Amino acid sequence: MEAAAAEQGGEKIPPGKPMSMEQHMLDKGAQMLQSLKPVKQMNQHICTFALYSHDMTRQIETHHFVTRLNQDFLQCAVYDSGDSTARLIGVEYIVSDKIFESLPPDEQKLWHSHAYEIKSGLLVNPRVPEMVVRPELENLAKTYGKFWCTWQTDRGDKLPMGPPVLMMSPQPVNLGMVNPDLIVKRDDKYNISSEALKNARIEIPEPEWINPQADYWKQHGVGFFIDVEATEMKKIVPFP
Amino acid sequence: MEAVNVLTHPQIPGEPTQTSTTLLEKATATIQGFGPVNKIHQHLCAFHFYGHDMTRQVEAHHFCGHQNEEFRQCLIYDRPDDDGRLIGIEYLVSEELFLTLPDEEKRFWHSHEFEVKSGVLFMPGVPGPIQRQDLEKVAKTYGKVFHFWQVDRGDSLPLGIPQVMMAMTRDGQLYENLSQDVEKRYNISFAKERENRAYMTGPAHGIHPMANGGGQGLQTVLREVECKPVGVDHSAARVFV
């Protein structure tokens, strides 16, 4: 079952030989001896959707494993599924509205708002009863996120190719609407209904104001791309 | 020249976590599955520098899991502590996988041979003989690293765009104060470990000339692009709301 999850169209992503018994044992040994503290701080799994800022027809289901560093800041390791075979596809940072307002406008352009994906039931914490997670959702609804994707598995890349790309969040306007098929597929997998969650979340307060620099494409019609240029490296000794 | 010690850097802005939030997250941590994260089995400490600027160097704590024998994916933190900041991602591939990449892509990837053989890449807490069984494999791999948080320049938040990072390929690149700091903290000697690792070899085909930036610096630049028009108006297709 797990092996099937790792395959797309018959090709393995990533390719490579299965782990040897020797490697398994080395891993187990290391695991017993090392404390892996930062990773143990992840205490939430969030499933939601994201869109490529440079091509919003490309939409993905994402799985965030979240660590809270303080009341205003979270950092997330993002995967393309919730299974143990999931590929690490990026990093998202989440900040409170207070912190977001302190950022320079040029920086704010790279961030997206979260209110819609929460109110619409697109963002869920798999397995957690809605009432338990409600306070967290109320908090998250007022936050902004910055999400870099480093591996475009949705287009079949077998290995992580190219520079990171900037992702955007679902929004209730044309380009930002998530394809219903994607939603149905996710809902079926977790036996939930985004529609039902949307109704349950009517009471979650909307932010009074969403900064117009966020979700930059809505008012400006542009997304962002990262180019990589060859340049003279500042060096102290030769490289390589 | 000295590199900045990130351990002395300012805190992330924001209020301390409220008790109610902590309790809620303890609940989610208990109830939910953490499959992908549970695969992370290994802590590797190494150093990266910016792909366009060798003078900016960062201690990088990698927390790695295997997708298979030839591919690892790592989360990079600035410190191996509970409050370590997630600053980047690294992917490691075998030489075989690396050679399947187009030349344009190979530029992003750096070789690990020198880092491993010099001793500066190591597994904290793991005895030498056990480490070496894994690191002799790592010596033949290539890595692709991006950092998203420039902690070395004092950023208290992850500002700006992703940075391509590179790693050490010869003596004299790594700042002594950085390496000595790590040696002291972990009570190890890179020089001693270098002797122990003298038997190791790098990639069978030698270090590929297109790796390590293809011999050039690499710098990322942000570009605005017109939003690709959507073919289907999903708002019309939606049944709800």
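Residues numbered from 1 in each chain as written. Chains lettered and ligands numbered in written order. Predicted model: local features only at pLDDT ≥ 70, side-chain atom pairs only at ≥ 80, totals over all residues. Heavy atoms only, no water.

*Asks:* Teacher, can you tell me more about the overall build of chain B here?
*Replies:* Secondary structure summary: chain B contains nine helices and eight strands in total. Burial statistics for chain B: of 241 residues in total, 58% are counted as buried. Partitioning the contacts of chain B with sequence separation of at least 6, the portion at a separation of at least 24 is 66%. Put simply, chain B shows about 9,400 Å² of open surface, and 53% of that area lies on carbon and sulfur atoms. (Helix = DSSP H or I, 4+ residues; strand = E, 2+ residues; numbered from the N terminus. Buried < 20%, exposed > 50% of the residue type's maximum accessible area, 1.4 Å probe, protein only. Contact = heavy atoms within 4.5 Å. Areas by Shrake-Rupley, 256 points an atom, 1.4 Å probe, with all protein chains shown as cover.)

*Asks:* Would you explain the environment of Gly-51 of chain B in this entry?
*Replies:* Position of Gly-51 of chain B relative to the elements: it lies in the loop between strand S1 (42-50) and strand S2 (53-68). For the pair Gly-51 of chain B and Leu-157 of chain B, spaced 106 residues apart in sequence, the C-alpha separation works out to 21 Å. Not counting the four nearest positions on each side in its chain, Gly-51 of chain B is found in contact with Met-233 of chain A together with Val-164, Met-165, Met-166, Gly-217 and Leu-218 of chain B.

*Asks:* Where do I start with the interface of chain A and chain B in this structure?
*Replies:* When the parts of a complex come together, some accessible area is lost, and that lost area is often used as the size of the interface. Listed as interface residues are 112 residues of chain A and, on the opposing side, 115 residues of chain B. Approximately 10,100 Å² of surface area, both sides summed, lies buried where chain A meets chain B, with 63% of it carried by carbon and sulfur atoms. Scanning the region where chain A abuts chain B turns up six salt bridges. Where Glu-22 of chain A meets Lys-137 of chain B, a salt bridge forms, and the shortest distance between an N and an O atom there is 3.7 Å. At the junction of chain A with chain B, the criterion picks out 57 residue pairs in polar contact (both at pLDDT 80 or more). The element best represented in the side of chain A that touches chain B is strand S10 (residues 222-231) of chain A, accounting for ten residues. Partitioned by chemical class, the residues of the side of chain A that touches chain B number 60 nonpolar, 29 polar and 23 charged. Sheet topology places S10 of chain A next to strand S8 (residues 217-226) of chain B; ten bridges connect them, and they run antiparallel. Note that in S8 of chain B the partner of Phe-225 of chain A across the bridge is Arg-223 of chain B. (Buried area = accessible area lost by both parts, 1.4 Å probe. Salt bridge = Lys/Arg side-chain N within 4 Å of Asp/Glu carboxyl O. Polar contact = N/O pair within 3.5 Å; in protein donor to acceptor, adjacent residues only side chain to side chain. Nonpolar A, V, L, I, M, F, W, Y, C, P; charged D, E, K, R; others polar. Pairing = 2+ DSSP bridges.)

*Asks:* Looking at this structure, I do not really get the packing of helix H7 (residues 130-140) of chain A against helix H1 (residues 19-31) of chain B. What am I missing?
*Replies:* In the contact formed by H7 of chain A and H1 of chain B, the axes pass within 10 Å of each other and the chain directions differ by 135°. As summarised for this structure, H7 of chain A and H1 of chain B are arranged oblique, according to the angle between their axes. For the pair H7 of chain A and H1 of chain B, the crossing hand works out as left-handed. Here Val-132, Val-133, Pro-135 and Glu-136 of chain A of H7 of chain A come into contact with H1 of chain B, specifically with Thr-21, Leu-24, Glu-25 and Ala-27 of chain B. Class assignment of the residues belonging to the contact of H7 of chain A with H1 of chain B gives a composition of five nonpolar, one polar and two charged. (Axes fitted to C-alpha atoms, helices over the stretch in contact; angles between N-to-C directions. Parallel < 35°, antiparallel > 145°, perpendicular 65-115°, else oblique. Left-handed = near helix turned anticlockwise from the far one by under 90°.)

*Asks:* In this structure, what is going on with unusual backbone geometry? I would like to understand it.
*Replies:* It is generally the case that most residues other than glycine have a negative phi and that most peptide bonds are trans. The residue after Ile-13 of chain A, namely Pro-14 of chain A, is reached through a cis peptide bond having omega -5°. Geometrically, the link from Phe-239 of chain A to Pro-240 of chain A is a cis peptide bond, its omega value of -10° lying close to zero. Mapped onto the secondary structure, Pro-240 of chain A falls in the segment after S10. Here Asp-215 of chain A, not a glycine, exhibits a phi torsion of approximately 50°, which is positive. For Asp-215 of chain A, a relative accessible area of 2% gives the class buried. Despite not being glycine, Asn-187 of chain B has its phi angle at roughly 55°, a positive value. Within the element layout of this structure, Asn-187 of chain B appears in the loop between helix H7 (176-186) and helix H8 (190-196).

*Asks:* Teacher, can you tell me more about empty space enclosed by the protein here?
*Replies:* Take a probe with the size of a water molecule and roll it over the atoms, and the empty space left behind shows itself. Residues and elements named next belong to chain A. Counted by the stated rule, this structure contains five cavities of 30 Å³ or more. Approximately 130 Å³ is the volume attributed to the largest cavity. The element best represented in the lining of the largest cavity is strand S3 (residues 44-52), accounting for four residues. Here the lining of the largest cavity is built from residues that sort into ten nonpolar, six polar and two charged. (1 Å grid on protein atoms, 1.4 Å probe; cavity = no way out; pocket = protein on both sides within 12 Å on 5 of 7 lines; lining within 4 Å. Points joined across faces, edges and corners; volume = space filled by probe spheres on them.)

*Asks:* Explain the nonpolar core to me, please; I cannot follow it from the model alone.
*Replies:* As a rule of thumb, soluble globular proteins bury nonpolar side chains together. In terms of nonpolar packing, the biggest core is built from 108 residues, with Tyr-79 of chain A together with Leu-75 of chain B touching the most fellow members. Setting aside anything within four residues of it in sequence, one finds Leu-75 of chain B in contact with Met-42, Ala-77, Tyr-79 and Leu-88 of chain A together with Ile-40, His-61, His-62, Phe-63, Leu-86 and Gly-88 of chain B. Membership of the second largest hydrophobic core comes to 14 residues, among which are Ala-46, Val-116, Met-123 and Met-200 of chain B. (Core = buried A, V, L, I, M, F, W, Y, C linked by side-chain atoms within 4.5 Å.)

*Asks:* What should I look at first to understand the pattern of salt bridges in this one?
*Replies:* Note on pairing: side chains with opposite charge can pair once their charged atoms come close. Counting across every chain of the model gives 35 salt bridges over all chains. Residues Lys-198 of chain A and Glu-195 of chain A are paired through a salt bridge, measuring 3.6 Å at the closest nitrogen-oxygen approach. With Lys-198 of chain A and Glu-195 of chain A both in helix H9 (residues 194-200), this residue pair falls three residues apart, about one helical turn. We classify Lys-198 of chain A as buried; its relative accessible area is 17%. Exposure remark for Glu-195 of chain A: the relative accessible area of 29% places this residue in the partly exposed category. Between Asp-181 of chain B and Arg-185 of chain B there is a salt bridge whose closest N-O contact spans 3.5 Å. Of this pair, Asp-181 of chain B and Arg-185 of chain B both sit in helix H7, four residues apart, roughly one helical turn. Here Arg-185 of chain B falls in the partly exposed class, since its relative accessible area comes to 35%.

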